[in-house]
Each structure stands twice: as C-alpha cells, then as structure tokens.
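Chain by chain, the residues run as shown.
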Amino acid sequence: MKIVKGISTFIIIGVLCSITSVKAEITTEEYNQLREMFSEARIAIMTDEEKEMFLDEDLIRSEQYFEVTETANGTYNYTAIDSEDGKTIMEAGIANMENGISTFSSPTSHETSYKRIQIFATHIGGNVYSMMLHTQWLIDPSTQSYDVTAMRGDHATIVDGTQSGTQMYYKNGAYGYVNYSPNGTNIVKQSNGFGISMNLVNNASYYETDISATVTADDQYATVYGTYQHAVRDVTLDESKAYTISHNGFGKVVNFVTSVQDNYDGMQGVYVELSMAN
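Please read all numbers here as calculations on a predicted model, not as lab measurements.

With that out of the way, let us pick up the nonpolar core. Judged by nonpolar contacts, the single largest core of 36 residues is most densely connected at Met 131, Phe 194, Val 224 and Leu 274. Excluding residues within four positions of it along the chain, Met 131 makes contact with Met 53, Ile 119, Phe 120, Ala 121, Met 151, Ile 211, Ser 212, Ala 213, Val 215, Val 224, Val 272 and Leu 274.

Below, the structure written as structure tokens:
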C-alpha cells in the first residue's frame, strides 16, 4: 500500500506551521508493514519519501540473517539462519535490550549475537530505482571501529550525488544518529559503486546502519549488490577506505588491499535484480 498524501485523513497540517511542514501520517496497517522491516526507532526518523519507498507495492527486498559468534581471539564466525527464526530472535533481543536486559551472553569465552542485512529497491520511473542497504546488530560488537557498508552496481549505475548514509545507535537509554553525506570524508566513490566508513559509536548497546542511492538499470541484467564489513580490530579511517568496489571483494562488493583485509570479517552480502522498463 502506498501513502496517499492527497487524502486528508492521512495528513497532519500544523496550525502554526507553514505549508512546507505538512507531514504524511501512516495507518496502523502501514506501520505494521514497516515494522516487518525496521525497528521503531528507525521508522521514527523516516522521511515521507522513505515511507513511500518502503510501502510501495512494487518494493523489491532481499534479506539475510546471520548468527554472529565472537571467539576468544577476537575473530567472528557467521552462520546464515532461516529468516523467520532470525526475525523472531532479533525482535526478542531488541525488546530485551531496550529494557536493559542482557541477551545471548555466553558463560564461555565468546558471545553470540545476530545481524540482519536487507537491501531494498523501489522503482521511481523509467529504469531508475531508489536503493537502500540496511543492517541491524542485535548487541554491540566488542570492536567499535570503522565498519564499511557498500553497494556495487552490475549493469547498473549509481547516480553521483545521491549517496548518503545513517548510523543509528542506542546509548545511555536513548537513540542517537550520525549522518553521512555524498561528499564527506568517509565515502569512497567509484564508477561501479560506493562505500561509507562508519565509526561505530563507542559503548553503545545497539546499532543500525544504512546507505542509500539512486540507481539506473543499464540493461536487463542489472543487479545491485550490498555488503556490511565489520572491523574485527581497530583501524584508521584511511585504512577502512583502502579498497576498490569489485565482484572479487567481500560480499562481492568490497575488495580491501592485502594489508587491510584481515582486519575485516569478510561476511557475505545480499543483492537484488532490477527490471528494465517496458
């Protein structure tokens, strides 16, 4: 279902605000639809355009859940798990986290948490799509350094200037946000994609990250790949940006230089195929 901005029951007009402050509301059904994909906190900061994107009946979505086991020496093991099982675990863990309850802690020398990665595509018009790659951690990883989240277009072109990113975190009983611009110091832009290095806020108990861009499908083989690469040890910003966007890289997106690649977990990615206009 799409948000219909022209119907008065879905519009709030602030009496003391200008017409530019008109904000679209959503129905309970639409809110529940969004909750299938996002946390309450992420929905709370969505723009009207994002809500329209994720409520579009033609939304293309692919997701993957991973069980994340941190070993005693600081490395990570990932196991792909069933989406329904992963969703149940994520929802329970987030609820417990917000209530101050520690979850999935192990009495041995490691901790197990869960990570959800989703990639979205909404058709804008012609061969143009709005894309988002979204990642949720259940609990905080022990290393909080420059993680890299990135997209690669295969037979698809990222429109320069449309790239952006957000890091959301939960700390001291409240959510905080860090925004990343298309021309900031944390972005790597190449002809076939881009990535953003996000320095995870220290001592938070929950993280969500996303990157977005407009993409043009070049032909019938158009595909967009996305990946989230976690730094398993401290790295500098420059080290985190030492990569090319390549199908040979981690998650078929991020190809770190040899001296840096062992600092990242090498986790799998996600992808969606884009259709050409008739």
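This paragraph deals with the pattern of salt bridges. Taken as a whole and judged by the stated rule, the model has 6 salt bridges. Glu 63 is the salt-bridge partner of Arg 61, the closest N and O atoms lying 3.0 Å from each other. A residue is classified by how much of its surface remains accessible, and Glu 63, at 23% relative accessible area, is partly exposed. Linking Arg 116 and Glu 63 is a salt bridge whose minimum nitrogen-to-oxygen distance equals 2.9 Å. Pair noted here: Arg 116 is in strand β5 (residues 111-125) and Glu 63 is in strand β3 (residues 60-70), with a separation of 53 residues, a long-range link. Within this structure, Arg 42, Glu 50 and Asp 210 form a network of salt bridges that share partners.

Attention now goes to the environment of Leu 237. Inspection of the secondary structure assignment puts Leu 237 in helix α5 (residues 237-240). Beyond its immediate stretch of four places on either side in the chain, Leu 237 contacts Tyr 146, Thr 185, Asn 186 and Ser 197.

Conventions and cut-offs
Residues numbered from 1 in each chain as written. Predicted model: local features only at pLDDT ≥ 70, side-chain atom pairs only at ≥ 80, totals over all residues. Heavy atoms only, no water. Core = buried A, V, L, I, M, F, W, Y, C linked by side-chain atoms within 4.5 Å. Buried < 20%, exposed > 50% of the residue type's maximum accessible area, 1.4 Å probe, protein only. Contact = heavy atoms within 4.5 Å. Salt bridge = Lys/Arg side-chain N within 4 Å of Asp/Glu carboxyl O. Helix = DSSP H or I, 4+ residues; strand = E, 2+ residues; numbered from the N terminus.

Just geometry here; none of it tells us what the structure is for.
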